[in-house]
Structure formats: structure tokens, C-alpha cells
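Summary of structural features
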Amino acid sequence: MPEAYVFTRYGGPETEALTDVERPTPGPGRLMIAVRAAGVNPVDWKLRGGFRRPGESAERVFPAVFGSEAAGVVEEVGADVTGFAVGDAVFGNTVDGGYAEYALLRADQTAHKPAGLSFADAATLPVAAATAYDGVRRLELPEGATLLVTGAGGGVGTAAVQIARAFGAKVVGVASEGKKEFVESLGAVHVPGGPGLAERVRAVTPEGIDAVYDMVGGETLAEAATLLTDRTRLVTAGAPPETVAELGGSRVARARTAAVLQTVADLVLRGALIPHVTRTFPLDRAEEALRTVEDGHARGKIVIEVNA
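Residues numbered from 1 in each chain as written. Predicted model: local features only at pLDDT ≥ 70, side-chain atom pairs only at ≥ 80, totals over all residues. Heavy atoms only, no water.

1. Considering the sheet that holds strand 1 (residues 3–7)
What counts is decided by this rule: Two strands pair if DSSP finds at least two bridges between them. Each helix is a run of DSSP H or I of at least 4 residues and each strand a run of E of at least 2, with the numbering of both proceeding from the N terminus.
Read from one edge to the other, the open sheet built from three strands follows the order 2-1-4, with strand pairing classed as antiparallel. Each end of this open sheet is capped by a strand with a single partner; those strands are strand 2 (16–20) and strand 4 (64–65). Pairing geometry for strand 1 and strand 4, over two bridges, is antiparallel. Within strand 4, the position partnered with Phe7 by the bridge is Ala64.

2. A look at the side chain of Thr236
Short version of the rule: The definition of a polar contact used here is a pair of N or O atoms within 3.5 Å, where within protein one atom must be able to donate a hydrogen and the other to accept one, and adjacent residues in sequence count solely through side-chain atom pairs. By the convention used here, residues are in contact when the closest approach between their heavy atoms is within 4.5 Å.
Note on placement: Thr236 falls in strand 12 (residues 234–236). Here Ala239 takes part through its backbone nitrogen, which lies 3.2 Å from a polar atom of the side chain of Thr236. If near-sequence neighbours (up to four positions away) are discounted, Thr236 is found in contact with Tyr213, Asp214, Leu221, Val244, Ser250, Arg251 and Val252.

3. Some thoughts on the sheet that holds strand 10 (residues 189–192)
Pairing between sheet strands relies on hydrogen bonds along the backbone, with the strands arranged either parallel or antiparallel. What counts, and what does not: Note on definitions: angles span 0 to 180 degrees between N-to-C directions of axes, and those axes are lines fitted to C-alpha atoms, for helices only across the stretch in contact.
Strand order in the open sheet made by the six strands is 10-9-8-11-12-13, with parallel pairing throughout. In this open sheet, the two edge strands, each paired with only one partner strand, are strand 10 and strand 13 (250–251). Where strand 8 (residues 146–150) lies against strand 9 (residues 170–175), five bridges are found, and the strand directions are parallel. Residue pairing across strands places Leu148 opposite Val172, the latter belonging to strand 9. Where helix 3 (residues 125–139) meets the sheet, its contacts fall on strand 8, strand 11 (211–214), strand 12 and strand 13, and the angle it forms with strand 11 comes to roughly 160°.

4. Let's talk about helix 4 (residues 155–166)
Note the following rule: To estimate how far a helix should reach, multiply one less than its number of residues by 1.5 Å. Between buried and exposed lies partly exposed: a residue is buried under 20% and exposed over 50% of the maximum accessible area for its type, with that area taken using a 1.4 Å probe on protein chains only.
Over its twelve residues, helix 4 extends 17 Å from the first C-alpha to the last, a length consistent with the 16 Å expected when each residue adds 1.5 Å. Among the residues of helix 4, Gly157, Thr158, Ala159, Ala160, Val161, Gln162, Ile163 and Ala164 are the ones counted as buried. Elements that come into contact with the buried residues of helix 4 comprise helix 3, strand 8, strand 9, helix 5 (180–185), strand 11 and helix 9 (258–269). Looking one or two residues beyond helix 4, the residue adopting positive phi is Gly168, at roughly 95°.

5. Some points on the packing of aromatic side chains
The description of an aromatic ring pair uses the distance of the two centres, along with the angle that the planes make with each other. Operational definition: Between rings of Phe, Tyr and Trp, where Trp is taken as its six-membered ring, a pair exists when centres lie within 6.5 Å; planes separated by under 30 degrees are stacked, by over 60 edge-to-face, and by other angles tilted. Whether a charge lies above a ring is judged from NZ of Lys or CZ of Arg, which has to be within 6 Å of the ring centre and within 35 degrees of the ring normal.
Under the counting rule described, the total for this entry stands at six aromatic pairs. Look at Tyr10 and Phe62: their rings are 5.1 Å apart centre to centre, the planes differ by 85°, and that puts the pair in the edge-to-face class. Of this pair, Tyr10 sits in the loop between strand 1 and strand 2 while Phe62 sits in the loop between helix 1 (42–48) and strand 4, placing them 52 residues apart in sequence. Look at Tyr10 and you get partly exposed, because its relative accessible area is 33%. Residue Phe62 is classed as partly exposed on the basis of its relative accessible area of 32%. Among the aromatic residues, ring-to-ring pairing joins Tyr5, Phe7, Tyr10, Phe62, Phe66 and Tyr99 into one connected group. A cation sits over an aromatic face here: Arg23 above Tyr102, 4.5 Å from the ring centre.

Any functional reading would require information beyond the geometric quantities listed.
Listed below in C-alpha cells is the structure:
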């Protein structure tokens with residue numbers, strides 16, 4: 001039987017295990033892939049803790065496989081699926097997890113992997129890069145506008161900085177001092193987080209901030225909001241909709257389409273977006289990969305690679 005990294009109930013790391021699972025069968029609108037790589041994201045451990053995505057109502061079935069994005073090779077094609085065939089290299093959003101030897105993808109949220117894109121890089125795009133793209137596009141920044149990105153050293157923040165730069169924006173990136181050099185390498189002006197954030201941002205942007213894309217929430221989001229005269233230019237991927245609404249902003253609206261995936265893949269191919277996969281782990285070390293992200297100190301993206 002194939003292996004997968006799962007959580008057996010809601011809770012902490014004690015609920016996790018690498019175990020044998022049934023090979024999934026694709027239903028209508030689904031693809032079953034042999035996984036080559038799976039992206040690791042903060043939402044993975046949050047789901048283990050009981051977090052529900054907006055609109056998610058069905059009870060979770062345990063054991064539940066970790067992971068929301070994966071890249072691999074199509075093994076089976078479900079009914080009502082067109083445009084994909086067995087043997088195609090693809091990447092997309094998973095149905096029931098991606099830290100596994102086999103996984104199901106939603107066909108309408110899956111794209112063909114370009115030959116020039118590695119499986120590891122492709123696996124980072126459906127969640128972090130696509131979320132970054134959706135938020136930056138939502139802000140409709142004119143060329144030369146200044147965007148503040150909080151959490152600029154993480155997976156979504158790293159992509160948001162690069163995508164905004166590709167669209168001609170100036171970017172101020174908020175991240176820890178340990179990520180200063182990394183954030184600056186992305187083309188952003190680095191500002192350390194913590195109390196007094198707004199004052200530090202004003203010191204480096206006397207012309208002001210035109211928009212904020214937040215990945216952190218909490219006090220960071222609240223202080224960043226004070227930098228805007230137009231709060232409709234405030235978007236978050238790090239706080240609940242009701243929290244940002246109280247500040248006059250909105251939660252990022254995810255498009256979750258194959259077209260977005262193709263667009264971010266094109267950005268990678270032309271060098272405008274570097275996935276920055278900083279560490280990879282084999283499936284049997286998925287626990288280490290998840291801890292690296294859960295500890296909050298990871299730079300760029302962490303990826304689990306699965307043997308062919």
C-alpha cells in the first residue's frame with residue numbers, strides 16, 4: 001500500500017504519523033497523480049489543529065492526509081475531465097492532501113507543468129504563489145505605487161514581493177532582522193516587524209504607502225492599516241475576514257483556477273518569480289518539513305519530494 005503523512009485526530013504534532021493508506025480513486029472532475037513533490041504551508045498544521053477554510057462545512061475524515069498543493073504525473077483520469085491524459089506532468093490543488101505517494105487533484109484547479117519547471121518548484125505555486133498573485137491583482141496597483149507586504153520572508157510574502165515588483169510596484173517588506181538580506185534580495189526595502197512598525201515604515205517611505213498586503217494578522221495588521229488613507233487598499237491572507245473588515249479592508253479572494261496557475265508558472269519561466277525552495281525533505285521526513293514551517297522561521301518555501 002502507498003504511504004502518506006497524516007494526522008489521526010485534531011491536536012498537535014502528537015497526532016501525526018507516516019502510515020499506509022488506500023490508493024485514491026478519482027471521481028468526476030478529479031485526477032489521480034503519482035506525487036513527485038508537495039508544498040508545505042502554514043495552513044497544513046492549522047488544519048491539524050481544527051481550522052476550517054472559509055466555506056468548508058463537511059466533517060473531516062480521519063486519518064487525514066496533510067498538504068494542499070502537489071505536482072506529479074497523472075495516473076488516472078476521472079469522469080467528465082477533459083484536457084488531461086495519463087502520463088501528463090501537472091500541478092494543482094489537492095482534494096484530500098498531498099504528503100503522499102498518490103493524491104487527488106481538482107481538474108479545474110490543475111495546470112500542465114511546463115517542461116522548464118521542476119516538480120519541486122511547481123508544487124509551491126498552487127497555494128503560496130497563487131494566493132500572492134490573487135492579492136496583488138486585487139489591489140490593482142498602478143506602476144510606481146508603493147506596496148507594504150507583511151510577512152515578506154514567508155512563502156506567500158516572498159511571492160507577493162516578486163509579483164508586485166514584476167507589475168512595476170515599489171515594495172516595502174516587513175520581516176524579522178534575520179530575513180533582512182533575503183527580503184532585500186527580492187527587491188524590497190526591508191523593515192523589521194514588531195511594535196513601532198508604522199513609524200519605521202514612514203521613515204523609509206516619506207511619500208507614503210499606497211496599499212498593504214498582509215500575511216501576519218494581529219497587531220502587525222492593525223498597525224499597518226494606520227499607514228493607509230484608503231483602507232480599501234488593505235488586503236490580508238493572514239487574518240479572518242471579520243477582523244480585517246473592522247479595519248476597513250478585506251480578505252484575499254482566491255480565484256483557484258487553472259488560468260492563475262498557468263500565469264504564475266509563466267512568471268517563473270520568465271524569471272520574474274523565483275519560488276525560493278530553501279529546503280526539501282523526503283516523505284519519510286515529512287514531520288521535519290512541517291516543523292520547519294510550524295516553527296515560523298522558514299525562509300521561502302519548504303517542499304516534500306516523493307520518489308518516482
